[in-house]
Amino acid sequence: MIEIEYIVRDRRGVERLRTADKKAAEAYDRILENAERLADWLRAGSVLPSLPDDDLETLTVHLARHAREVELILKGKPVVSEPAPRVTPIKATG
(Lines give C-alpha, C1' and ligand atoms only; values in the text may rest on other atoms or scores of the structure.)
Protein backbone atom coordinates (compact mmCIF):
# COMPACT_ATOMS: atom_id res chain seq x y z
CA MET A 1 0.00 0.00 0.00
CA ILE A 2 1.28 3.44 -0.94
CA GLU A 3 0.56 6.40 1.29
CA ILE A 4 1.18 10.01 0.38
CA GLU A 5 1.72 12.46 3.18
CA TYR A 6 1.61 16.22 2.74
CA ILE A 7 3.71 18.43 4.99
CA VAL A 8 2.97 22.13 5.25
CA ARG A 9 5.81 24.35 6.49
CA ASP A 10 5.73 28.05 7.25
CA ARG A 11 8.15 30.47 5.62
CA ARG A 12 10.72 29.76 8.34
CA GLY A 13 10.62 26.07 7.43
CA VAL A 14 8.79 25.03 10.60
CA GLU A 15 6.46 22.10 10.05
CA ARG A 16 2.91 23.23 10.74
CA LEU A 17 0.74 20.42 9.39
CA ARG A 18 1.16 16.79 8.34
CA THR A 19 -1.79 15.12 6.61
CA ALA A 20 -2.75 12.61 3.93
CA ASP A 21 -5.46 15.00 2.69
CA LYS A 22 -4.14 17.12 -0.20
CA LYS A 23 -7.06 19.59 -0.04
CA ALA A 24 -6.53 20.12 3.69
CA ALA A 25 -2.81 20.71 3.11
CA GLU A 26 -3.50 23.24 0.35
CA ALA A 27 -6.15 25.00 2.44
CA TYR A 28 -3.83 25.27 5.44
CA ASP A 29 -1.01 26.52 3.21
CA ARG A 30 -3.33 29.31 1.99
CA ILE A 31 -4.20 30.13 5.61
CA LEU A 32 -0.51 30.46 6.48
CA GLU A 33 0.16 32.64 3.42
CA ASN A 34 -2.75 34.92 4.28
CA ALA A 35 -1.67 35.07 7.93
CA GLU A 36 1.83 36.12 6.87
CA ARG A 37 0.40 38.88 4.67
CA LEU A 38 -1.83 40.05 7.54
CA ALA A 39 1.14 40.09 9.93
CA ASP A 40 3.26 42.07 7.45
CA TRP A 41 0.41 44.53 6.95
CA LEU A 42 -0.15 44.97 10.70
CA ARG A 43 3.57 45.45 11.38
CA ALA A 44 3.97 47.91 8.47
CA GLY A 45 1.05 49.96 9.75
CA SER A 46 2.52 50.00 13.27
CA VAL A 47 -0.61 48.28 14.55
CA LEU A 48 0.14 46.43 17.79
CA PRO A 49 3.87 47.25 17.61
CA SER A 50 4.65 45.67 20.99
CA LEU A 51 2.71 42.46 20.38
CA PRO A 52 5.11 39.50 20.59
CA ASP A 53 5.64 37.61 17.32
CA ASP A 54 4.04 34.41 18.67
CA ASP A 55 0.90 36.31 19.68
CA LEU A 56 0.77 38.11 16.32
CA GLU A 57 1.07 34.76 14.57
CA THR A 58 -1.75 33.29 16.66
CA LEU A 59 -3.95 36.30 15.88
CA THR A 60 -3.27 36.37 12.15
CA VAL A 61 -3.67 32.60 11.69
CA HIS A 62 -7.01 32.82 13.53
CA LEU A 63 -8.15 35.71 11.33
CA ALA A 64 -7.03 33.92 8.17
CA ARG A 65 -8.67 30.66 9.25
CA HIS A 66 -11.95 32.52 9.83
CA ALA A 67 -11.75 34.87 6.83
CA ARG A 68 -15.39 34.33 5.86
CA GLU A 69 -16.60 35.26 9.32
CA VAL A 70 -14.31 38.31 9.40
CA GLU A 71 -15.70 39.40 6.04
CA LEU A 72 -19.27 39.10 7.35
CA ILE A 73 -18.39 41.09 10.47
CA LEU A 74 -16.81 43.86 8.37
CA LYS A 75 -19.94 43.96 6.21
CA GLY A 76 -22.11 44.29 9.32
CA LYS A 77 -23.75 40.92 8.82
CA PRO A 78 -24.46 38.30 11.48
CA VAL A 79 -21.96 35.48 11.90
CA VAL A 80 -23.20 31.92 12.13
CA SER A 81 -20.71 29.72 13.97
CA GLU A 82 -19.52 26.65 12.11
CA PRO A 83 -17.73 23.65 13.57
CA ALA A 84 -13.94 23.90 13.59
CA PRO A 85 -12.05 21.90 10.97
CA ARG A 86 -10.90 18.44 12.05
CA VAL A 87 -7.29 18.97 10.92
CA THR A 88 -5.05 19.89 13.84
CA PRO A 89 -1.96 21.95 12.96
CA ILE A 90 1.38 21.24 14.58
CA LYS A 91 2.28 23.78 17.27
CA ALA A 92 5.28 25.83 16.19
CA THR A 93 8.23 25.72 18.55
CA GLY A 94 11.23 27.95 18.78
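See the structure shown above.
Nothing here was measured: the structure is a model prediction, and the numbers come from that model. Numbering of residues starts from 1 in every chain and runs along the sequence as written. In keeping with the model being predicted, local features are shown solely for residues with a pLDDT of at least 70 and side-chain atom pairs are shown and tallied solely at 80 or more, while totals for entire chains, interfaces and linings include all residues. As a rule here, side-chain values come from all non-hydrogen atoms in the structure, and water together with hydrogens is ignored.

Asks: Which residues make up the pattern of salt bridges, and what are the values?
Replies: Here a salt bridge means any side-chain nitrogen of Lys or Arg lying within 4 Å of a carboxyl oxygen belonging to Asp or Glu. Scanning the entire structure with this criterion turns up 10 salt bridges. Linking R18 and E5 is a salt bridge whose minimum nitrogen-to-oxygen distance equals 2.9 Å. With R18 in strand β2 (residues 15-19) and E5 in the segment before β1 (6-9), the pair connects residues that are 13 residues apart, well separated along the chain. Using a 1.4 Å probe on the protein chains alone, a residue whose accessible area is under 20% of its type maximum counts as buried, one over 50% counts as exposed, and one in between counts as partly exposed. With a relative accessible area of 47%, E5 lands in the partly exposed category. The partner of K22 in a salt bridge is E26, with the nearest N and O atoms 4.0 Å apart. In this pair, K22 and E26 both sit in helix α1 (residues 22-44), 4 residues apart, roughly one turn of the helix. Under the relative-accessibility criterion, E26 is labelled partly exposed at 37%. Look at the salt bridges and you will find they share partners, linking D10, R12, R16 and E57 into a network. Labels follow the DSSP assignment, with helices taken as runs of H or I lasting at least four residues and strands as runs of E lasting at least two, numbered in each case from the N terminus.

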